[in-house]
Each structure stands twice: as C-alpha cells, then as structure tokens.
Amino acid sequence: MQDFVQLWVYLSATPLFGLTATLVTYVVAQAFYQRVGQAPWANPVLWTVVTLSVLLMVSRTPYPTYFSGAQFIHFLLGPAVVALAWPLWQRRAQLAGRLGPLLIAALVGGATAGGSAVAIGWSLGLPVNLLRSLAPKSVTAPVAMGIAEALGGVPALAAVFAVLTGLIGAISAKYLFDALGPFTPCERGFALGVSAHGIGAARAMQVHPDSGAYAALALGMQVVLSSVLIPLLARLF
Amino acid sequence: MNALTGIAWLLIFQSLGEVLSRLLHVHLPGPVIGMLLLLVALRSVRVRVPVGAAAEVLLGHFSLLFVPVGVGVITHLDLLAQYGSRLVLVLVLSTWLGLAVTAMLLRRLLRHERPAPAGARSPLHREGN
C-alpha cells in the first residue's frame, strides 16, 4: 500500500499524468458522444472537464500540477487560431459575396452577446472585475484571455467564462434554433461561431459541413473584430 | 509529412504574429495577426497544401484544446459558490441572446440575396484558380 501511494505521488506529479488523463478522458467521452448519436447533452468537452475536475478534487491534485501536462494540449490553441485561415480561404468566394451581411451579423451578434453579459451582470450587482472578465466571453478562450488582460479583468477567469459560454451554446443551440427556426445550416453555424466560439464551432463542424464552415468563418471574424473593438470600446469608458 | 510541414508553417506564422504584435504595439493577439498573414500566404501552393492538412487535424479536434482551460474552473470554485446562480444566469441568457440575434439577423440579411443569385455573383466566379 505504501509503495502504491509513493508511486501515485510520483506519477501524479509528472507532466505525463495531466496529458494522459486529458487525452484518455476525451477519447472515451468522444466515443460515448458518437455512440449516443452526437446528442447535445453528451458534449465531450463538458464530460471531459467534469470528469477531470472531479478526479483532481478527489485525488487532491493541484491544478498547476495537472496543467504542467495539459499545457501541451493547451499550447495548440495558438496554432489552431492561426489555422482558422484555412476554412476562411476555402470559402473565400462565398465570403466575398456575403461579406456585408456576415460582417453586420458578426458585429451585432457579438455585441449582443458581450454587451448583454455585461449589462445583465451589472444589473445583478456583479463586481467590476467580473464584468471586465465577462466582456470577451463570446471570443475563443486564448484570445479572450488577451482581451481581458487589456481590459483589466482576470485572464484565467475570462477563459473559464469563454469555455462555459461555448458549452452552453453547443448544448442548447439546437433547441433554441428549432424553437425560433427554420434556419439554414449556414445561419446556425455562423450564429454558433459568433456566440459560442470554438466549442460551438466544433459542434457545428460535427453536425453539418456547411454549418461547420460558417462557424469557422464566424470564429475567424469574431476573433479579429473583438480583438480590435473591445479594447477600443473599453478605452472610451 | 504534409501535416507536419503544415504545423511548422502555423508555428512560423504564429511567431511572426507575436513579433509584429510586440514590435508594432497593436492590440491584436499574435495568433490573430498570424492568421491574417497566413490568409495572404495561402495563395502559394507550397503553403496551402501542408497547411490544409495540418488545419484539418487541428480543427477536427478543436474542442479538445479547450479542456485544460475548462478544468481551470476548479481554481475558481469559491467565486462560483459566491456568485454561481447569477453567473449562470448571465452566461446562459447572453449566449442565447447572441445566438438568436445572429441567426435571425443573418436570415433576414441573406433573404435579400436569394432572388438574384446569378447576377450578384459574377465577380466571384474565380473559384477555379
């Protein structure tokens, strides 16, 4: 028993633990998600995050220890944002023809998501540092962290809000769209990319190729628009 | 091999973006500048083919990349306990508002283009090159 405890203490302190736990849990969650026909409630990110959080709390593993391994996955967010140029390039003809409507929808939709978060949070009496971290919540996590920092919010918190927003969108968008519809796959995907960024876009990519492409498009536009506009707006106040 | 070369290109453009972001003091994050530069560079076949392969891999598993940040929620449990219900309300309502407004606005804006698809698209028939 003593040996086992020592072995666990050793293993859980190496980067190997965080990396292995993240990948294995995600692969299992992804397999389950496919098995239940990609039902929104079975979202693999949601269940991977829940499982790992419980695992860390039960085993009393500190988050930095976990992150020392998980950072290798986290690091890939940067190249993935750069890679968004690819879906933009693939749909450049469509994008050029619809640039006006898409820009307006991304601007108004993004402003609605971020603005309503700050307004509702303010009316509920949330403190200012929380509001500053909420403003970029509809931007993909790595970019949201940078914006929150520029705004004087808490980057780590902004990233968590962004992930939660993405999960809420990925899980509930189908029901919302069905209730307000009918919408084309393009419209659904674009809205997911604007309001629920990367995780919403990932969901859209699995559901339909058109909605996936438009979600990636929205994600790319949203990243550029919000990086430029949110700090500019914040400087006004 | 293509995907590996593609990853190298992505890292090069991300690095370029980071350097420009620091040097020019612009507010755009490095990866975003990198994405814009890459969008121009994709005109070259030597960049396009490997980057396409790498992007399919990375974006195909995009949601996995958010897991480490998501697990970070456990470091803010005190905050969630304090403001939990209000935060959930804010996040859910604002996300739904964003989704509904974007989808409904886009539906309305794109409806105008449907009656005249052929004429409106004439400058775009360059897909072949």
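Residues numbered from 1 in each chain as written. Chains lettered and ligands numbered in written order. Predicted model: local features only at pLDDT ≥ 70, side-chain atom pairs only at ≥ 80, totals over all residues. Heavy atoms only, no water.

In this section: the pattern of salt bridges. Counted under the stated rule, the structure contains three salt bridges over all chains. Where A:Asp178 meets A:Lys174, a salt bridge forms, and the shortest distance between an N and an O atom there is 3.2 Å. Taken together, the residues span about one helical turn, with A:Asp178 and A:Lys174 both in helix H11 (residues 155–180) at a distance of four residues. When its relative accessible area of 36% is taken as the criterion, A:Lys174 is described as partly exposed. One salt bridge in this structure joins B:Glu18 and B:Arg22, with 3.7 Å as the shortest N-O distance. Here B:Glu18 pairs with B:Arg22, and both are found in helix H1 (residues 2–24), just four residues apart, close to one helical turn. Overlapping salt bridges, with partners in common, bring together A:Lys174, A:Asp178 and A:Arg188 in one network. (Salt bridge = Lys/Arg side-chain N within 4 Å of Asp/Glu carboxyl O. Helix = DSSP H or I, 4+ residues; strand = E, 2+ residues; numbered from the N terminus. Buried < 20%, exposed > 50% of the residue type's maximum accessible area, 1.4 Å probe, protein only.)

Many descriptions give the size of an interface as the accessible area lost when the pieces come together. Residues and elements named next belong to chain A. Domain annotation for chain A reports domain 1 (2–74) and domain 2 (80–236). Here domain 1 packs against domain 2, burying approximately 820 Å² in sum over the two surfaces, 61% of which is carbon and sulfur. Contact with domain 2 buries surface across domain 1, with Gln38, Pro40 and Asn43 losing the most and accounting together for 52% of the total. Counting across the domain 1 and domain 2 interface gives zero salt bridges. Put simply, domain 1 and domain 2 have two residue pairs in polar contact (both at pLDDT 80 or more) between them. Going through the elements one at a time, helix H2 (15–35) and helix H3 (44–58) are the ones with two or more residues in the side of domain 1 that touches domain 2. In terms of residue class, the side of domain 1 that touches domain 2 is built from six nonpolar, three polar and no charged. (Domains from an automatic or database assignment. Buried area = accessible area lost by both parts, 1.4 Å probe. Polar contact = N/O pair within 3.5 Å; in protein donor to acceptor, adjacent residues only side chain to side chain. Nonpolar A, V, L, I, M, F, W, Y, C, P; charged D, E, K, R; others polar.)

Now for a nonpolar patch on the surface. A contiguous nonpolar surface patch, about 880 Å² in accessible area, is contributed by A:Phe32, A:Trp41, A:Trp47, A:Val50, A:Val54, A:Met57, A:Val58, A:Tyr175 and B:Leu77. Its place among the elements puts A:Val58 in helix H3. A:Val58 gets classed as exposed once you look at its relative accessible area, which sits at 66%. (Patch = residues over 30% accessible without salt bridge, like charges linked within 9 Å, V, L, I, M, F, W, Y side chains within 5 Å. Areas by Shrake-Rupley, 256 points an atom, 1.4 Å probe, with all protein chains shown as cover.)

Relative to the helices and strands, A:Ser195 is located in helix H12 (residues 185–207). In terms of polar contacts, A:Ser195 uses its side chain to reach the backbone amide nitrogen of B:Leu99, at 3.4 Å. In contact with A:Ser195, other than residues within four places in its own chain, are A:Ala113, A:Ser138, A:Thr165, B:Ser94, B:Thr95, B:Gly98 and B:Leu99. (Contact = heavy atoms within 4.5 Å.)

Attention now moves to the nonpolar core. In terms of nonpolar packing, the biggest core is built from 90 residues, with A:Phe190 and B:Leu38 touching the most fellow members. Apart from the residues lying within four places of it in its own chain, the contact partners of A:Phe190 are A:Leu102, A:Ala105, A:Ala106, A:Tyr214, A:Ala215, A:Leu217, A:Ala218, A:Met221, B:Thr102 and B:Leu106. Of all hydrophobic cores here, the second largest spans 15 residues; its members include A:Ile120, A:Leu126, B:Leu87 and B:Val92. (Core = buried A, V, L, I, M, F, W, Y, C linked by side-chain atoms within 4.5 Å.)

What follows concerns the interface of chain A and chain B. On the side of chain B, 69 residues touch chain A, which itself brings 96 residues to the contact. By the criterion of area lost to chain B, the three top residues of chain A are A:Val82, A:Trp86 and A:Trp89, representing 9% of everything that side buries. Our count for the chain A to chain B interface comes out at eight residue pairs in polar contact (both at pLDDT 80 or more). With 15 residues, H11(A) is the single largest residue contributor to the side of chain A that touches chain B. Considering only residue class, the side of chain A that touches chain B consists of 69 nonpolar, 22 polar and five charged.

To continue, consider H3(A). End to end, H3(A) covers 21 Å across 15 residues, agreeing with the expected 21 Å (1.5 Å per residue, within 8%). The set of residues buried in H3(A) consists of A:Pro44, A:Val45, A:Thr48, A:Val49, A:Leu52, A:Ser53 and A:Leu56. Down the axis of H3(A), the smallest arc covering the buried residues is 155 degrees, so these residues share one side. Those residues of H3(A) hidden inside the fold are in contact with H2, helix H4 (63–74), H11 and H12 of chain A together with helix H4 (67–71) of chain B. The distance from a side-chain oxygen at the start of H3(A) to the backbone nitrogen of A:Val45 is 3.0 Å, and the residue carrying that oxygen is A:Asn43. Following H3(A) by one or two positions, A:Arg60 has its phi on the positive side, about 55 degrees. (Expected span 1.5 Å × (residues − 1). Arc of directions from axis to C-beta.)

This part takes up the packing of H2(A) against H4(A). Residues and elements named next belong to chain A. Across the interface, H2 lies against H4 with an axial gap of 6 Å and an inter-helix angle of 55 degrees. Compared by their axis directions, H2 and H4 come out oblique. The handedness of the crossing between H2 and H4 is right-handed. Judged by residue contacts, Pro15, Gly18, Leu19, Thr22 and Leu23 of H2 engage Tyr66, Ser68, Gly69, Ala70, Phe72 and Ile73 from H4. Counted by class, the contact of H2 with H4 contains seven nonpolar, four polar and no charged residues. (Axes fitted to C-alpha atoms, helices over the stretch in contact; angles between N-to-C directions. Parallel < 35°, antiparallel > 145°, perpendicular 65-115°, else oblique. Left-handed = near helix turned anticlockwise from the far one by under 90°.)

In this section: the packing of aromatic side chains. For the structure on display, the rule yields six aromatic pairs over all chains. Between B:Phe62 and B:Phe66, the ring centres sit 5.2 Å apart and the planes meet at 70 degrees, which makes this aromatic pair edge-to-face. With respect to class, B:Phe62 is no different from B:Phe66; both count as buried. Put simply, the rings of A:Tyr63, A:Tyr66 and A:Phe67 pair up and form one aromatic cluster. A cation over a ring is seen here: A:Arg92 above A:Trp89, with NZ or CZ 4.0 Å from the ring centre. (Phe/Tyr/Trp six-rings, centres within 6.5 Å; stacked < 30°, edge-to-face > 60°. Lys NZ or Arg CZ within 6 Å of the ring centre and 35° of its normal.)

As a further point, take unusual backbone geometry. Most of the time, phi is negative for any residue but glycine, and the peptide bond is trans. Residue and element names in this part refer to chain A. The phi angle at Gln38 is positive, at roughly 55 degrees, despite the residue not being glycine. Positionally, Gln38 belongs in the loop between H2 and H3. Residues other than glycine seldom take positive phi values, yet Arg60 does so here, at roughly 55 degrees. Considering the arrangement of structural elements, one finds Arg60 in the loop between H3 and H4.

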